[in-house]
Amino acid sequence: MADIRVRYAPSPTGHLHIGNARTALFNYLFARNQNGKFIIRIEDTDRKRNIEGGEKSQLKYLRWLGIDWDESVDVGGEYGPYRQSERLDIYQKYAKKLLETGHAYKCYCTEEELEREREEQRARGIVPHYSGKCRHLTKEEQERLEKEGRKPNIRFKVPEGKVVTFNDMVKGEVSFETKDISDFVIVKSDGWPLYNFAVVIDDHLMKITHVLRGDDHISNTPKQILIYEALGWEPPIFGHMTLIVNEQHKKLSKRDETIIQFIEQYEELGYLPEALFNFIAFLGWSPGGEREIFSREELIEIFDPKRLSKSPAVFDQKKLLWMNNQYMKKQDLDRVVELALPHLIKAGKISEKPTPEELEFARGVIALYQDQMSYGAEIVELSEIFFRDDIEYDEECQQVLNEEHTPEVLRTFLQEIEGIENFERDEIKAALKRTQKASGYKGKKLFMPIRVAVTGATHGPDIASSLALIGKEKTMTRIKKLLN
RNA sequence: GGCCCCUUGGUCAAGUGGUUAAGACACCGCCCUUUCACGGCGGCGACACGGGUUCGAAUCCCGUAGGGGUCACCA
């Protein structure tokens, strides 16, 4: 078999979306697994929709996820250019060929006319369908229309009475009848190619062997195959992956606010790219077996497109949280600090240019929460008790503080810590022990008053570690304040 | 509506004619932790429905229902 060549072809109309990231990721996994080549081509033929920086952002976040490529706009390659806007002459050449061989024709209908036609069809309850009225225009008629100032677009002449069948890598055999496909535009009146046309030319010229893309492209596939046939080319192998859907089982729409959809946002929130990579790989695919945590290398090793699911996958945010936490727990503290610290700073808990003491403190706080943190930004609410100056005791706390034995516990503990020089975890633990002996209280009765008094909360990390972090001075001040 | 695709617990998902129908997330309970979290153990909970084929069907066939995708001078 020829060398496998696959591609991811984003249009720079926005930032890297979770669905596109998945398409890219599976193509990448497939290429690497097969020792093939992974190409990124920029499909920027819709100038109205392109956004500033879209292309850069796409590539940046692909890289962030740990995906690399062999040929593209930035790394070059022998089949360039890799930006469709720079290949206009190529498309023109093949459009001309299609015109000459009678596989395409010029259509002079304006957008307004077509829209009106569709409106009428809809009103009459039939499927909007191009009538094909420009199909048999004579030379004279064409000239007359052109004199009116009309600029033609080019339509592909869909052969009649044919069945287009292809063997889809994930869906199996799929067929479409050409009677359900109307003559579609391949080149706009301004000379720019349209998706269904450009994609065929490029995939062929770039020697793409497999096209793995979203399910939403499946009805484009027969159109593209028809173009391959008209040009006398061999189509690649297609595979249409099921869509990712939201909790309402609808295709993820970019406007859907209930799900964080852009990779960029995950980076901002302090997610780990390798966790996201792992998670995305399991969106509509599974290796079989019980294991779910895999590194990128392992996924490359085991990836098999035959195991791509046929039914849509709901994007389960809670599972993502869980998975990211799995990775978070295994990271070096340095890495977790890198992810979490910026959020403490942004929230104003730590100053923009932290002093060594602040840094030390933040590190300590983050270490305490590493095992339960799902993503970096979570540290802010998690560690809230470590950043308050004046504690306000809520009702639950008040209850603890109002208990009869509380003052005695606090007083005893205060005495026991007074003499501690190194206010560290072990020393505090020892003081706790002594407090227990001296006061006669143990368990909840011993710990709760202290926890509440000093942290202002009934829950939190290990009490000794917490106090060590809060420091002797604050600990004592808070207890004293209560005792008065 | 036409065309195309899909249908195993709330969610993901294993399963390819014979299984007590895995596992994970979520949820619930217990244990660990003198709190919380992490972790451990356990529980809840599924083959959309109806017909076939077969000794035997989650697995094969047909139909029904439901869901989704798509019908642009967007990609």
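Note that this is a predicted model, so its numbers are computed, not measured.

This part is about the nonpolar core. Counting residues in hydrophobic clusters, the biggest one holds 99 residues, and the most contacted among them are Leu29 and Ile263. For this core, the leading source of residues is helix H1 (residues 18-33), giving 9 residues. Contact partners of Ile263, with chain neighbours within four places excluded, come to Leu16, His17, Ile18, Ala21, Tyr61, Trp64, Leu65, Leu276 and Ile280. Core analysis: the next-biggest nonpolar cluster, separate from the first, contains 36 residues, Tyr82, Phe156, Ala198 and Ile201 among them.

To continue, consider unusual backbone geometry. Following Gly80, the chain continues into Pro81 via a peptide bond in cis, with omega recorded as -5 degrees. As for its position among the elements, Pro81 is in the loop between helix H2 (54-65) and helix H3 (88-100). Backbone geometry places Asn35, a non-glycine residue, at a positive phi of 60 degrees. Its place among the elements puts Asn35 in the loop between H1 and strand E2 (37-40). The class for Asn35 is exposed, based on a relative accessible area of 71%. In this structure, His249 is a non-glycine residue whose phi angle is positive, near 65 degrees. Along the polypeptide, His249 turns up in the loop between strand E10 (244-245) and helix H8 (263-268).

Our next topic: the packing of aromatic side chains. Within the structure shown, the criterion is met by 16 aromatic pairs. Relative to Trp233, the ring of Tyr94 lies with its centre 5.2 Å away and its plane at 70 degrees, an arrangement referred to as edge-to-face. Linking Tyr94 in helix H3 with Trp233 in the loop between helix H7 (221-231) and strand E9 (237-241), this pair joins segments that are 139 residues apart in sequence. In this structure, Tyr94 and Trp233 share a single accessibility class: buried. With a centroid separation of 6.0 Å and 70 degrees between ring planes, the pair formed by Phe166 and Phe238 is classed as edge-to-face. Within this pair, whereas Phe166 is found in strand E5 (residues 163-168), its partner Phe238 is found in strand E9, the two being separated by 72 residues in sequence.

In this section: the pattern of salt bridges. Here the structure, examined in full by the defined rule, presents 36 salt bridges. Note that Arg118 is salt-bridged to Glu115, the shortest N-O span being 3.0 Å. In this pair, Arg118 and Glu115 are both assigned in helix H4 (residues 111-123), 3 residues apart and thus about one turn of the helix distant. As a salt-bridge pair, Lys251 and Asp216 come within 3.5 Å of each other at their nearest N and O atoms. Of this pair, Lys251 sits in the loop between E10 and H8 while Asp216 is found in the loop between strand E8 (210-214) and H7, placing the two residues 35 residues apart along the sequence. Residue classification places Lys251 among the partly exposed positions, given a relative accessible area of 48%.

Once that is clear, we can look at the protein's contact with RNA strand B. Lining the immediate environment of RNA strand B, one finds 63 residues, of which Leu194, Lys250, Glu292, Gln372 and Phe447 sit closest. Of all RNA strand B atoms lying within 4 Å of any protein atom, the proportion belonging to sugar or phosphate reaches 74%. Of all the secondary-structure elements, those providing two or more residues to the surface near RNA strand B are H4, strand E4 (153-156), strand E6 (172-177), helix H11 (317-330) and helix H18 (444-455). By residue number, the principal contributor to the surface near RNA strand B is H11, which donates 5 residues. Looking at the surface near RNA strand B residue by residue, the classes come out as 17 nonpolar, 22 polar and 24 charged.

The next subject is H18. Between its first and last C-alpha atoms H18 spans 15 Å; for 12 residues at 1.5 Å apiece the expected length is 16 Å, and the two agree. Every buried residue belonging to H18 is among Leu446, Pro449, Ile450, Arg451, Val452, Ala453, Val454 and Thr455, and all of these are buried. On its buried side, H18 packs onto helix H15 (395-401), helix H16 (406-418), helix H17 (425-439), helix H19 (463-470) and helix H20 (472-483). Of the residues trailing H18, Gly456 is marked for its positive phi of about 75 degrees.

A separate point is the side chain of Thr455. With respect to the helices and strands, Thr455 occurs in helix H18. Here Thr455 falls in the buried class, since its relative accessible area comes to 0%. Within the local environment of Thr455, its side chain forms a polar contact with the backbone nitrogen of Ala457, the two atoms lying 3.3 Å apart. Excluding anything up to four places from it in sequence, Thr455 contacts Ile385, Arg388, Ile391 and Ile470.

Strand-to-strand pairing in sheets goes through backbone hydrogen bonds, with the strands running parallel or antiparallel. The strand order across the open sheet built from 3 strands is E3-E4-E7, with neighbouring strands paired in antiparallel fashion. Edge positions in the sheet fall to strand E3 (104-107) and strand E7 (185-187), since each of these pairs with one other strand and no more. Within the sheet, the average angular offset between the axes of one strand and its neighbour, ignoring direction, is 45 degrees. With 4 bridges connecting them, E3 and E4 associate as antiparallel partners. Note that in E4 the partner of Lys106 across the bridge is Ile154. Packed on one face of the sheet, H3 meets E3, E4 and E7 and runs near 100 degrees to E3.

Right, let's talk about the side chain of Arg22 for a bit. Tracing the backbone through its elements, the reader meets Arg22 in helix H1. This buried residue, Arg22, is left without a salt bridge; Asp216 holds the nearest opposite charge, at 7.7 Å. Within polar-contact distance, the side chain of Arg22 engages the backbone oxygen of Leu283 at 2.9 Å. Residues contacting Arg22, with those up to four places away along its chain left out, are Met241, Thr242, Leu243, Ile244, Ile280, Leu283 and Gly284.

Two elements in contact, H18 and H19, have axes separated by 11 Å at closest approach and are oriented at 30 degrees. Classed by the angle they form, the pair H18 and H19 counts as roughly parallel. Crossing geometry of H18 relative to H19 is assigned as left-handed. Contact residues: Phe447, Ile450, Arg451, Val454 and Thr455 in H18; Ile463, Leu467 and Ile470 in H19. Residue composition of the contact of H18 with H19, grouped by class: 6 nonpolar, 1 polar and 1 charged.

Conventions we followed
Residues numbered from 1 in each chain as written. Chains lettered and ligands numbered in written order. Predicted model: local features only at pLDDT ≥ 70, side-chain atom pairs only at ≥ 80, totals over all residues. Heavy atoms only, no water. Core = buried A, V, L, I, M, F, W, Y, C linked by side-chain atoms within 4.5 Å. Buried < 20%, exposed > 50% of the residue type's maximum accessible area, 1.4 Å probe, protein only. Helix = DSSP H or I, 4+ residues; strand = E, 2+ residues; numbered from the N terminus. Contact = heavy atoms within 4.5 Å. Phe/Tyr/Trp six-rings, centres within 6.5 Å; stacked < 30°, edge-to-face > 60°. Salt bridge = Lys/Arg side-chain N within 4 Å of Asp/Glu carboxyl O. Near = heavy atom within 4 Å. Nonpolar A, V, L, I, M, F, W, Y, C, P; charged D, E, K, R; others polar. Expected span 1.5 Å × (residues − 1). Polar contact = N/O pair within 3.5 Å; in protein donor to acceptor, adjacent residues only side chain to side chain. Pairing = 2+ DSSP bridges. Axes fitted to C-alpha atoms, helices over the stretch in contact; angles between N-to-C directions. Lys, Arg positive; Asp, Glu negative; His and termini not counted. Parallel < 35°, antiparallel > 145°, perpendicular 65-115°, else oblique. Left-handed = near helix turned anticlockwise from the far one by under 90°.

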